[in-house]
Amino acid sequence: MMWLFASLVNAQQTVNYDESKVSAYLLPELLKCKNGVMVTTAEQWEKQRKPELMKLFASQIYGRTPAENIDVTYEVLTEDTEALGGKATGKQVRFTFSNGTKKTEAILLLYIPNKPKSKVPVFIGYNFKGNHSTITDSTIFYSPALHLLKEPDHPDWKRGNQSSRWSYEKIIDRGYAVATMCYHDIYPDNPELKDHSVISLFRGYDSGKTTPGEWQSIGAWAWGSSRIVDFLETQQQIDTDKIALMGHSRLGKAALWAAAQDQRFHIVISNNSGCGGAALFRRKFGETTEIINNAFPHWFCENFRQYNNKEELLPVDQHQLLALIAPRKVYVASAQEDLWADPEGEFLSAYHAGPAYRLYGLEAIDTDKMPEQHKPIMGDIGYHLRGGKHDVTDYDWEQFLDFADKHFK
Ligand code: GTR
């Protein structure tokens, strides 16, 4: 009910899509510490500035991830050595998250190339509509959380309906494994379903009460990505020194936050992640803090709401989130018609993360002029602008694979 009300308020807000109406803004300085000292070395960055920024992102935007561990067990449900026309071995693995008295479940779908036999790098990414939606194969199970949602009756949720976003064969042919899980299994994406999320398993959880810096769904999705890595570490065929995390849209926001926290992601790709993802808040172009907090009150921590329409008061901006990933590689992808996500703001964020990468002697983006469509930048910070709408396409995957080849092979 409360959510419905918030969405109505949201509909009345005006959205700026006019570049000439973006007011001048001042980004918080990337390398300037709280005590005024300017960072000049990677060591100083890691010891002083990075922890400061991590704390701010946790307390003001995404909420703090509990340090506590809960029990996670894995059960291999199926193993098909002839998956994808014999190119791969497909596995479906049930994850059970438990605190001893309550549990939730998720299913991971993993494809590992049958050739070569040596260890392979891996792409990890959540899907939006269930594992069964990523491929037409009738042996793929429905993801456990889907029964909680009303939407799955809709044709969009049919088997294979999202397969254009999952270029499995292309990924396998290039020598990568790929693992996906439905994000609803970690936190069903509706504020009224928090009791079914992994958050509800953690100590002190109170369904009726959220403290201002407490984690919410983006924090939970980020946490879940790390649990996928835990599992992959048990798989002999996976090269865990070469893990790429890919997230689209809201899941691109979660991917960036996951990689900022967990060093085991060597590449992070945010595709069309927009507000609360790669885009700079201060541009207020397309979706804004107020719009996102009203429409999705369960995504960010409650403290974040104080910046509704007051972006200039945020102690951080999203170039600093990208910078937290250094020296690991980050790739930002935009789509030309996806103005809601502010492609220019996504690009500028990647550009302004550069000074942190340069501390490590890495290749940052050297111009603040956005590249033309379909002219990818493939340094240690990567970027492309695709033609078309908010989506994940074969073109996007081709660039992600090229970026991964460049850094992993
Ligand atoms: C939109 C939301 C965006 C983006 C998108 C998605 O409704 O406003 O921030 O996350 O959903 O995830 O597809």
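For the structure, see preceding data.
Conventions adopted
- Residues numbered from 1 in each chain as written.
- Predicted model: local features only at pLDDT ≥ 70, side-chain atom pairs only at ≥ 80, totals over all residues.
- Heavy atoms only, no water.
- Helix = DSSP H or I, 4+ residues; strand = E, 2+ residues; numbered from the N terminus.
- Rg over C-alpha atoms; globule rule 2.2 N^0.38 Å.
- Buried < 20%, exposed > 50% of the residue type's maximum accessible area, 1.4 Å probe, protein only.
- Contact = heavy atoms within 4.5 Å.
- Areas by Shrake-Rupley, 256 points an atom, 1.4 Å probe, with all protein chains shown as cover.
- Lys, Arg positive; Asp, Glu negative; His and termini not counted.
- Charge placed at Lys NZ, Arg CZ, Asp CG, Glu CD.
- Expected span 1.5 Å × (residues − 1).
- Core = buried A, V, L, I, M, F, W, Y, C linked by side-chain atoms within 4.5 Å.
- 1 Å grid on protein atoms, 1.4 Å probe; cavity = no way out; pocket = protein on both sides within 12 Å on 5 of 7 lines; lining within 4 Å.
- Points joined across faces, edges and corners; volume = space filled by probe spheres on them.
- Nonpolar A, V, L, I, M, F, W, Y, C, P; charged D, E, K, R; others polar.
- Pairing = 2+ DSSP bridges.
- Axes fitted to C-alpha atoms, helices over the stretch in contact; angles between N-to-C directions.
- Polar contact = N/O pair within 3.5 Å; in protein donor to acceptor, adjacent residues only side chain to side chain.
- Near = heavy atom within 4 Å.
- Sits in = over half its atoms within 2 Å of the grid points.
- Disulfide = S-S within 2.5 Å.
- Phe/Tyr/Trp six-rings, centres within 6.5 Å; stacked < 30°, edge-to-face > 60°.
- Lys NZ or Arg CZ within 6 Å of the ring centre and 35° of its normal.

### Topic: the overall build of the chain
Then comes step 1: Tallying secondary structure elements over the chain gives eleven helices and ten strands in all.
Then comes step 2: Whereas a compact globule of 409 residues would reach a radius of gyration of roughly 22 Å, the chain reaches 20 Å, a difference of no more than 12%.
Then comes step 3: Based on the C-alpha atoms only, the size of the chain along its principal axes is roughly 55 × 50 × 40 Å.
Then comes step 4: Taking all 409 residues of the chain together, 58% fall into the buried category.
Then comes step 5: In the chain, once contacts between residues fewer than 6 apart in sequence are set aside, the share between residues at least 24 apart is 71%.
Then comes step 6: Here the chain has roughly 16700 Å² of accessible surface; of this, 51% comes from carbon and sulfur atoms.
Then comes step 7: Computed over 45 positive and 52 negative side-chain charges, the inter-centroid distance for the chain is 3 Å.

### Some thoughts on helix H5 (residues 217-232)
Then comes step 1: With 16 residues, H5 should cover 22 Å at 1.5 Å per step; its first-to-last C-alpha distance of 23 Å lies within 8% of that length.
Then comes step 2: The buried fraction of H5 amounts to 15 of the 16 residues, a majority that puts the element mostly inside the structure.

### Considering the nonpolar core
Then comes step 1: Judged by nonpolar contacts, the single largest core of 92 residues is most densely connected at Trp45, Ile61, Phe97, Leu108 and Trp221.
Then comes step 2: Considering every element that reaches this core, the biggest residue donor is H5, with nine residues.
Then comes step 3: Here Phe97 is in contact with Ile70, Asp71, Val72, Lys102, Lys103, Thr104, Ala106, Ile186, Val198, Leu201, Trp223 and Arg227, once residues within four sequence places are set aside.
Then comes step 4: One finds Phe123, Ile135, Val178 and Leu401 within the second-largest nonpolar core, a separate group that totals 28 residues.

### Quick look at the layout of surface pockets
Then comes step 1: Within this model, the largest pocket holds a volume of roughly 460 Å³.
Then comes step 2: Taken together, 25 residues make up the lining of the largest pocket; nearest its centre are Phe128, Tyr183, Arg250, Phe296 and Trp299.
Then comes step 3: Of the residues contributing to the lining of the largest pocket, the split by class is ten nonpolar, seven polar and eight charged.

### Some thoughts on the sheet that holds strand S4 (residues 120-127)
Then comes step 1: Sheet architecture is open: ten strands sit in the order S1-S2-S3-S5-S4-S6-S7-S8-S10-S9, paired in mixed fashion. At either margin of the open sheet sits one strand with a lone partner, and together these are strand S1 (71-82) and strand S9 (377-378).
Then comes step 2: For S4 and strand S5 (residues 177-182), the ladder comprises six bridges, and the chain directions are parallel. Within the sheet, the bridge partner assigned to Asn127 lies in S5 and is Cys182.
Then comes step 3: Sheet strands touched by H5: S1, strand S2 (88-98), strand S3 (103-113), S4, S5 and strand S6 (238-248). Its angle to S4, the strand with the most contacts, is close to 150°.
Then comes step 4: Each of S4, S6, strand S7 (267-271), strand S8 (329-335), S9 and strand S10 (381-386) touches helix H11 (residues 394-408); the most contacted strand, S10, lies at about 165° to it.

### Quick look at the side chain of Glu52
Then comes step 1: Looking at where Glu52 falls in the secondary structure, it is placed in helix H2 (residues 42-62).
Then comes step 2: At 2.9 Å, the side chain of Glu52 and the backbone nitrogen of Lys34 are in polar contact.

### Some points on the environment of Asn303
Then comes step 1: With respect to the element layout, Asn303 can be found in the loop between helix H7 (289-295) and helix H8 (318-323).
Then comes step 2: Here Asn303 falls in the buried class, since its relative accessible area comes to 19%.
Then comes step 3: With 98 residues separating them in the primary sequence, Asn303 and Leu401 have C-alpha atoms 37 Å apart.
Then comes step 4: Among residues more than four places away in sequence, those in contact with Asn303 are Ser59, Gln60, Pro212 and Gly213.
Then comes step 5: Separated by 2.8 Å, the side chain of Asn303 and the backbone oxygen of Ser59 make a polar contact.

### As for the pairing of S3
Here is the key point about a regular strand: its side chains alternate between the two faces of the sheet.
Then comes step 1: Among the eleven residues of S3, nine are classified as buried, and the element is accordingly described as predominantly covered.
Then comes step 2: In this sheet, S3 lies alongside S2 in antiparallel orientation, the contact comprising eleven bridges. Its bridge partner being in S3, Gly90 is matched across the sheet by Tyr111.
Then comes step 3: Taken together, S2 and the strand that follows it, S3, pair antiparallel across an intervening segment of four residues, in which Gly100 is found at a positive phi of about 100°.
Then comes step 4: With four bridges connecting them, S3 and S5 associate as antiparallel partners.

### With respect to the site of the ligand
Then comes step 1: Residues in close proximity to the ligand include Phe128, Ser249, Arg250, Lys253, Glu287, Ile292, Phe296, Trp299, Trp340 and His390, which together make up its full environment.
Then comes step 2: In the environment of the ligand, an oxygen atom lies 2.7 Å from a nitrogen or oxygen atom belonging to the side chain of Ser249.
Then comes step 3: His390 places a side-chain nitrogen or oxygen 3.4 Å from an oxygen atom of the ligand.
Then comes step 4: About the coverage of the ligand: the protein hides 81% of its 320 Å² of free accessible area.
Then comes step 5: According to the grid-proximity analysis, the pocket containing the ligand is the largest pocket.
Then comes step 6: Partitioning the shell around the ligand into residue classes produces five nonpolar, two polar and three charged.

### What to know about the state of the cysteines
Then comes step 1: By the definition in use, this model includes zero disulfides.
Then comes step 2: You can see Cys275 has no disulfide; the closest cysteine sulfur is in Cys301, sitting 14 Å from it.
Then comes step 3: Relative accessible area serves as the criterion here: at 5%, Cys275 is assigned to the buried category.

### Topic: the packing of aromatic side chains
Then comes step 1: By the definition in use, this model includes 29 aromatic pairs.
Then comes step 2: Where Tyr187 meets Trp221, the ring centres are 6.4 Å apart and the plane angle is 70°; that geometry is what we call edge-to-face. In this pair, Tyr187 sits in the loop between S5 and H5 while Trp221 sits in helix H5, placing the two residues 34 residues apart along the sequence.
Then comes step 3: A residue is classified by how much of its surface remains accessible, and Tyr187, at 0% relative accessible area, is buried.
Then comes step 4: Between the aromatic rings of Phe300 and Phe304, the centroid separation amounts to 4.7 Å while the plane-to-plane angle is 40°, which identifies the pairing as tilted. There is no split in this pair, since Phe300 and Phe304 are both buried.
Then comes step 5: A network of ring pairs unites the aromatic residues Phe57, Tyr62, Phe128, Tyr183, Tyr187, Trp221, Trp257, Phe281, Phe296, Trp299, Phe300 and Phe304 as a single cluster.
Then comes step 6: Its guanidinium or amino end placed over the ring of Phe128, Arg165 lies 5.7 Å from that ring's centre, counting from NZ or CZ.
Then comes step 7: One Lys or Arg, Arg227, reaches over the ring of Trp223 and ends 5.0 Å from the middle of that ring.

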